[in-house]
Amino acid sequence: MTEAVQRKSQTAPFPFDNSYARLPEPFFSKVDPTPVSEPWLIKLNTGLAEELGLNTAALRRDGAAIFSGNRIPEGAEPVAMAYAGHQFGQFVPLLGDGRAILLGEVIDRTGTRRDIQLKGAGPTPYSRRGDGRAALGPVLREYIVSEAMHALGIPATRALAAVVTGDPVYREQVLPGAVFTRVAASHVRVGTFQFFAARGDHANLRVLSDYVIDRHYPELKTEERPYVALLKAVSERQAALIARWLGVGFIHGVMNTDNMTISGETIDFGPCAFMDAYDPAKVFSSIDQGGRYGYANQPGIGQWNLARLAEAMLPILDDDTEKAVEAANDILADYGRVFQTHWLDGMRRKIGLATSEDGDLALVQDLLARMNEGDADFTLAFRRLSAVAENDAAEEDFASTFRDPATIGPWLSAWRNRLTREDTSREERASDMRTVNPAFIPRNHRIEEVIKATVEDGDVSLFEALLEVTSRPYEDQPTFAAYAEPPKPGEEVLRTFCGT
Ligand code: AMP
Ligand code: MG
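Okay, so let's go over this structure. Residue indices begin from 1 for each chain and proceed along its sequence in written order. Whichever chain is written first is A, and whichever ligand is written first is 1; the rest continue in order. Where local features are concerned, this predicted model is filtered to residues with pLDDT of at least 70; where side-chain atom pairs are given and counted, the filter is 80 or more; whole-chain, interface and lining totals use all residues. Side-chain numbers here rest on the full set of heavy atoms in the structure, without hydrogens or water.

### Here we look at the overall build of the protein chain
We count it as follows: Under the DSSP-based scheme used, a helix requires at least four consecutive residues in state H or I and a strand at least two consecutive residues in state E, with every element numbered from the N terminus. Our radius of gyration is a C-alpha quantity, and the globule rule it is checked against amounts to 2.2 Å times the number of residues to the power 0.38. Buried means the residue's accessible area, taken with a 1.4 Å probe over protein chains only, is under 20% of the maximum for its type, while exposed means over 50%, and partly exposed covers the values in between. Residues are treated as being in contact if the distance between any of their heavy atoms lies within 4.5 Å.
Of regular secondary structure, the protein chain possesses 16 helices and twelve strands. Computed over C-alpha atoms, the radius of gyration of the protein chain comes to 23 Å, within 12% of the 23 Å expected from 2.2 N^0.38 for 500 residues, which places it in the range of a compact globule. Classification of the 500 residues of the protein chain by burial places 58% in the buried group. The long-range share in the protein chain, meaning contacts at least 24 apart out of those at least 6 apart in sequence, stands at 72%.

### Looking at the nonpolar core
Test applied: What we call a nonpolar core is a set of buried Ala, Val, Leu, Ile, Met, Phe, Trp, Tyr and Cys residues that are connected through their side-chain atoms within 4.5 Å. Marked domain ranges trace back to an automatic or database domain assignment.
F14, F67, L160, F193, I351, M371 and W415 are the most contacted members of the largest nonpolar core, which totals 152 residues. Sort the elements by how many residues they give to this core and helix α7 (residues 226–247) lands first, with 13 residues. When we break this core down by domain, the ones giving at least three residues each are domain 1 (6–186) and domain 2 (191–349).

### A few points about the pattern of salt bridges
Close approach of charged atoms allows side chains with opposite charge to pair. For clarity, the threshold we go by: One side-chain nitrogen of Lys or Arg within 4 Å of one carboxyl oxygen of Asp or Glu is enough to make a salt bridge.
Per the stated rule, a full pass over the model turns up 44 salt bridges. Ionic pairing is found between E51 and R114, a salt bridge with its closest N-O pair at 3.2 Å. Residue E51 is found in helix α2 (residues 46–51), and its partner R114 is found in strand β7 (residues 113–119); the two are separated by 63 residues along the sequence. Residue classification places E51 among the partly exposed positions, given a relative accessible area of 31%. R71 is paired through a salt bridge with D62; the nearest N and O atoms lie 3.2 Å apart. What makes D62 buried here is its relative accessible area of 15%. Among the ionic contacts, a cluster of salt bridges with common partners joins D345, R348, E357, D360, R418, R421 and E422.

### A look at the side chain of E265
Here is the rule: All tallies of charge rest on Lys and Arg as positive and Asp and Glu as negative; His and the ends of each chain are not included.
With respect to the secondary-structure elements, E265 resides in the loop between β11 (250–251) and β12 (273–274). One buried charged side chain, E265, makes no salt bridge at all; its nearest oppositely charged neighbour is R114, positioned 5.4 Å away.

### Details of helix α16 (residues 461–470)
Given 3.6 residues to a turn, an α-helix orients residues that are three or four positions apart in the same direction. Listed in full, the buried residues belonging to α16 are F463, A465, L466, L467, V469 and T470. Those residues of α16 that are buried lie in contact with β2 (40–44), α4 (136–151) and α15 (444–457).

### Re the site of ligand 1
Let me state the cut-off plainly: Whether a residue is near a molecule or strand is decided by its heavy atoms; if any one of them lies within 4 Å of it, the residue is near. Contacts described as polar in this section are N or O atom pairs within 3.5 Å, which, within protein, must combine one atom able to donate a hydrogen with one able to accept it, while residues neighboring in sequence count only if both atoms come from side chains. Methods summary: accessible areas were calculated by the Shrake-Rupley approach with a probe of 1.4 Å, and residue burial reflects only the protein chains presented. Amino acids are sorted into nonpolar (Ala, Val, Leu, Ile, Met, Phe, Trp, Tyr, Cys and Pro), charged (Asp, Glu, Lys and Arg) and polar (every other residue, Gly among them).
Near ligand 1, the surroundings consist of 18 residues, among which G96, G98, G132, N259 and D268 are the closest. Here G96 contributes a backbone N or O atom positioned 2.6 Å from an oxygen atom of ligand 1. Between R128 and ligand 1, the recorded distance is 3.3 Å, taken from a side-chain N or O atom to an oxygen atom. Summarising the interface, the protein chains cover 86% of the accessible area of ligand 1, which totals 480 Å² for the free molecule. Here the shell around ligand 1 is built from residues that sort into two nonpolar, eight polar and eight charged.

### A word on the pairing of β7
For clarity, the cut-off: When DSSP finds two or more bridges between two strands, those strands count as paired.
Of all seven residues in β7, seven are buried; the element is thus mostly enclosed. On β7, burial covers both faces: R113, D115, Q117 and K119 on one face and R114, I116 and L118 on the other are all buried. Where strand β6 (residues 100–107) meets β7, seven bridges bridge the pair, whose relative direction is antiparallel. Following the sheet pairing, L102 is matched in β7 by Q117. Where β6 hands over to β7, the hairpin turn is made up of five residues, of which G111 adopts a positive phi near 90°. Here five bridges tie β7 to strand β10 (residues 174–184), and the two strands are oriented antiparallel to one another. What sits directly across from I116, in β10, is V183.

### A closer look at the pairing of β10
In terms of burial, β10 is largely enclosed, as eight of its eleven residues are buried. As judged from the two bridges shared by strand β8 (residues 134–135) and β10, these two strands associate in the antiparallel manner. Across the sheet, A135 pairs through a bridge with G177, a residue of β10. With nine bridges joining them, strand β9 (residues 158–170) and β10 adopt antiparallel strand pairing.

### Let's talk about unusual backbone geometry
In this structure, F88 takes a positive phi of about 50° despite not being glycine. Residue placement: F88 occurs in the loop between β4 (85–87) and β5 (90–92). If you check the backbone angles, R128 has positive phi at about 50° while not being a glycine. Considering the arrangement of structural elements, one finds R128 in the loop between β7 and β8.

Structure, rendered in structure tokens:
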């Protein structure tokens, strides 16, 4: 390397290496971000920037220009990705990034390739009638929720930056525009496979499969049938992921096949929400009128989406169609078992069980039924149960999360009885439970409060506070005690919006 080149690579903010842009033409369209009027960097995730090996000093200086799309950093090759998708069950053969532009990829400190994408950076060839823009409110929501998910230990895309553009966006109201910078293991979705399948382009279906095996599942390269193994691996990651969502009361809200990643990361935090009171039928999204994407429907929808992936991959699973169908069916049939195992393991840990017994499922179900009946706050109840595990005096606090505290008595007796067959100490059990039962989630009413303060008053202090408290969700943070509380009557958020 010459001295000049070396100096350049040290000061360039991103050491880009763009593998997706090297794929054949139908995978994407080259498109530059559309400049904005007056970009203002409201947040840079310096911790993530460092993890990605970026030049943080350069980003602090030039972040507004770069993360608004006004300046295309050296080495970037901006593209909008092509994909299809089932939206609420309806197949759309061409969706694509209508308001997202992939700047490029970097290899992070652990050697993992990560996408850096601007969301809301202006129109692309896939925008259809959309403006390619994002409003500040949904950008703040995605920032907060994706970082909170990560802090909870749940695979999710990350938030690198948020910029206010200085330009209005026109939705039902006029809103301040913003650009969100998202980092993902990749942005390949179930819908990417559907895009090529719908065009009958089996050659590129193979190119895509090889690409994602290389990038996300390199261990499958040597499998006898790598594409079958890929379908199975994606299915298992999604089953594990959705089990994790359920364990923290997360409702994605728009599990269309274009919003399901191949890497197994949670993506697209549109109308998503964490529920307060436990209700398996809970739906927040204003556009989800049939409750298709409600809390308890998520595992089934996950399987439905994977069936669409299997259909798309069918032509490449096996030369013999019957064998291809059989392989796909086996994987889809196994999804339920894999999900159930992850879910029950997670629930066992939430109630402090380190061993497993046949009656555990019934014990968990009984607790959930009582929580539903008693409108117990999902997060608070489990956190307080962790305290009961350590100290009986905490029982009243736990029981008070139920509308009628007496209704939980019989369950507590059954639980204590079950715990006699565990050999962890009470302290150990309580501390294990606190590593899976968060004290803090980004509650909807808090997110709304942040959006209101930022959008209406330009005050980002509540945004910073919510980010801080949710970055350490499993630690008691006494100064933030109010953030652990459910909404008071009247504060409760009933509906969330896509904001597109
Ligand atoms: P989503 O439901 O946010 O995953 O988006 C579904 C599809 O609509 C994707 O193809 C998006 O790129 C596109 N889309 C959403 N909002 C906009 C917008 N404001 N302008 C253009 N395309 C959009
Ligand atoms: Mg999407």
